[in-house]
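Coordinates in review
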Amino acid sequence: MRKLLSVLLAGAFIVSAAGALSACNRTEASGIEKKVEAAATMTEDELIAEAAKETGKFVAYGNSSRIVDAMEGFVAKYGTQLNLSSSNAAASKQTDTEIFTLIDTESKASSNTQNASMVLIQDSASLDLYRTSTDLFYNYVPASLGSNISESDKVPLAQQYINKLFMWNNQGSDVPEFSNVWELTEDTYKDKIFFKSPKSEQVNMNFLIMLTGEEWSGKLEDAYLALNNTAADDVGSGKKYENYGYKWISEFIANCNFSINSDTTMAQNLSKPENAGRMGLFVLSKLRDDSVLTENLQVAAWNEGSDNNYVKIEPFAGFMYALYAQLASHGPRPYTAMLFINYLMTAEGFAPWASLGGYSSNSSIPVTEGDSELSFWRDNLVFEDGKYIISVKTKVEDYINGLLK
């Protein structure tokens, strides 16, 4: 898959994919557009009636294991009407790479009765590439959402957001205190920042890539000047670093400890008293795990100063990425898949994710008590932009991989 993406990014894929897609596949996939258009004006009962006519298995793949729980809830709610049960409706957790590979392989099958009809995908950059260069995925936005979803979350449809935040062990006398991410590049943090290697975690790679863009590089420049009262002499045209994003990435990576390859393990280990003074950048939702000593961890974004207000981390306290819901164009049950997406965008369907660190893009669904609203995180985190990431992916990823050798 990584080899495929390299081909895509080199520009050759768009041409080769157009030639490789058979006329049969194009004809079969093209029908989904008319079905999505028809569904836009249907009541739920009408959509159920159309879904009930469909045959074949109803399969969904997701980057989150909780899609399995969501499928069980969906079958419990609609199974009788749609003639669905655990024998012919199933969801499974797959990595993004596995999802792309499976959907591509299934699109070439002689029969689509076993194909997936819907997916939840995490990697915005790769999804953007596949959406624009193949016919494998199709976007659908439930009309029932109305104004409860922002325009920016509609294409592709962001079903939810997940955040990774700077957190540290607050025990002992050597408790980290910082308000500017440039402090994390100083020698005092050498080997003390746990971060899952971008080589194995694409969202971590995407976060770093985002920092090279004009917006975040500019914010990093402002933060550097605020901390040091002078500009860096190694940033600019013809100098060591192209911009402040590259400089921060290089110096941050030099201080990272990549020895833990699981966010869950990271949260568990960092919360132990013996790891006082150490820090990590990992998923906030891991704090809901009973094995994590949450009282020993301080979330940077929620650190209170002497005035009882949050100490804003300049220019970001972590990053946010989405899970995108897409129809699989070659699946046998598109109406069922649209009904499932409708379900996932309701409070009932979002329930498997409705806890600390899970944020529905449906603004009518409240966040978990004690968590912050999505609007707070928009002001404090780096949000993924798949189109920007894909435009510079080869260049920046090669640079980061060079640093990681």
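Worth saying up front: this structure is predicted, and the values here are computed from it rather than measured.

Rules used in this analysis
- Residues numbered from 1 in each chain as written.
- Predicted model: local features only at pLDDT ≥ 70, side-chain atom pairs only at ≥ 80, totals over all residues.
- Heavy atoms only, no water.
- Helix = DSSP H or I, 4+ residues; strand = E, 2+ residues; numbered from the N terminus.
- Rg over C-alpha atoms; globule rule 2.2 N^0.38 Å.
- Buried < 20%, exposed > 50% of the residue type's maximum accessible area, 1.4 Å probe, protein only.
- Contact = heavy atoms within 4.5 Å.
- Areas by Shrake-Rupley, 256 points an atom, 1.4 Å probe, with all protein chains shown as cover.
- Lys, Arg positive; Asp, Glu negative; His and termini not counted.
- Charge placed at Lys NZ, Arg CZ, Asp CG, Glu CD.
- Salt bridge = Lys/Arg side-chain N within 4 Å of Asp/Glu carboxyl O.
- pLDDT = per-residue confidence, 0-100.
- Core = buried A, V, L, I, M, F, W, Y, C linked by side-chain atoms within 4.5 Å.
- Pairing = 2+ DSSP bridges.
- Right-handed = clockwise from strand over helix to strand, strands pointing away.
- Polar contact = N/O pair within 3.5 Å; in protein donor to acceptor, adjacent residues only side chain to side chain.

**A closer look at the overall build of the protein**
When you go through the protein residue by residue, the secondary structure sums to 15 helices and twelve strands. In terms of C-alpha radius of gyration, the protein reaches 22 Å, essentially the compact-globule figure of 22 Å for 405 residues. On the principal axes, the C-alpha backbone points of the protein span a range of 65 × 45 × 35 Å. Burial status across the protein gives 55% buried among its 405 residues. Taking as baseline every contact in the protein between residues at least 6 positions apart, the subset at least 24 positions apart corresponds to 77%. When the accessible surface of the protein is summed, it comes to about 17,400 Å², and 48% of that surface belongs to carbon and sulfur atoms. In the protein, 33 positive and 51 negative side-chain charges are present, and the distance between their average locations comes to 7 Å.

**A look at the environment of I99**
Along the chain, the position of I99 falls in helix 6 (residues 96-107). Judged by its relative accessible area of 0%, I99 falls in the buried class. Considered as a pair, I99 and L281 are 182 residues apart in the sequence and their alpha carbons are 26 Å apart.

**Remarks on the pattern of salt bridges**
As enumerated under the stated definition, the model contains 15 salt bridges in all. The shortest N-O distance in the salt bridge between R378 and D153 comes to 3.5 Å. Taken as a pair, R378 in helix 14 (residues 374-380) and D153 in the loop between strand 4 (137-138) and strand 5 (157-169) lie far apart in primary sequence, 225 residues in all. Put simply, K196 and E201 hold a salt bridge, and the shortest N to O gap is 3.3 Å.

**Some thoughts on the confidence of the model for the protein**
Averaged over all residues, the pLDDT of the protein equals 92, while 92% of them reach at least 70. A low-confidence stretch, residues 1-28 (pLDDT under 50), is modelled with 36 contacts involving residues beyond four sequence positions or located in other chains.

**Topic: the nonpolar core**
In this structure, F166, W248 and F340 are the most contacted members of the largest nonpolar core, which totals 129 residues. Sort the elements by how many residues they give to this core and strand 10 (residues 318-328) lands first, with nine residues.

**Examining the pairing of strand 1 (residues 58-62)**
Among the five residues that make up strand 1, five are buried, leaving the element largely enclosed by the rest of the structure. With burial as the criterion, each face of strand 1 is covered, one bearing F58, A60 and G62 and the other bearing V59 and Y61. Alignment of strand 1 against strand 2 (residues 89-93), held across five bridges, turns out to be parallel. Bridge assignment links Y61 to a residue of strand 2, and that residue is S92. Taken together, strand 1, helix 5 (residues 67-82) and strand 2 form a β-α-β motif whose crossover is right-handed. Examined bridge by bridge, strand 1 and strand 3 (residues 116-121) share four bridges and lie parallel to one another. Bridge assignment links A60 to a residue of strand 3, and that residue is M118.

**Things to note about the environment of N303**
Note that N303 resides in the loop between strand 9 (297-299) and strand 10. Note on N303: relative accessible area 8%, which makes it buried. When the C-alpha positions of N303 and N204 are compared, they lie 23 Å apart, and in sequence the two are 99 residues distant. In contact with N303, other than residues within four places in its own chain, are W168, E177, Q298, N309, Y310 and V311. In terms of polar contacts, N303 uses its side chain to reach the side chain of E177, at 3.1 Å.

**Thoughts on unusual backbone geometry**
For residues other than glycine, phi is negative in most cases, and the peptide bonds are mostly trans. Here the bond from V155 into P156 is cis, since omega is -10 degrees, no more than 30 degrees from zero. Inspection of the secondary structure assignment puts P156 in the loop between strand 4 and strand 5. Cis peptide bonds are those with omega within 30 degrees of zero, and the linkage from E314 to P315 qualifies with -10 degrees. Relative to the helices and strands, P315 is located in the loop between strand 9 and strand 10. Here D191, not a glycine, exhibits a phi torsion of approximately 70 degrees, which is positive. With respect to the helices, strands and loops of the structure, D191 is situated in the loop between strand 5 and strand 6 (193-194).

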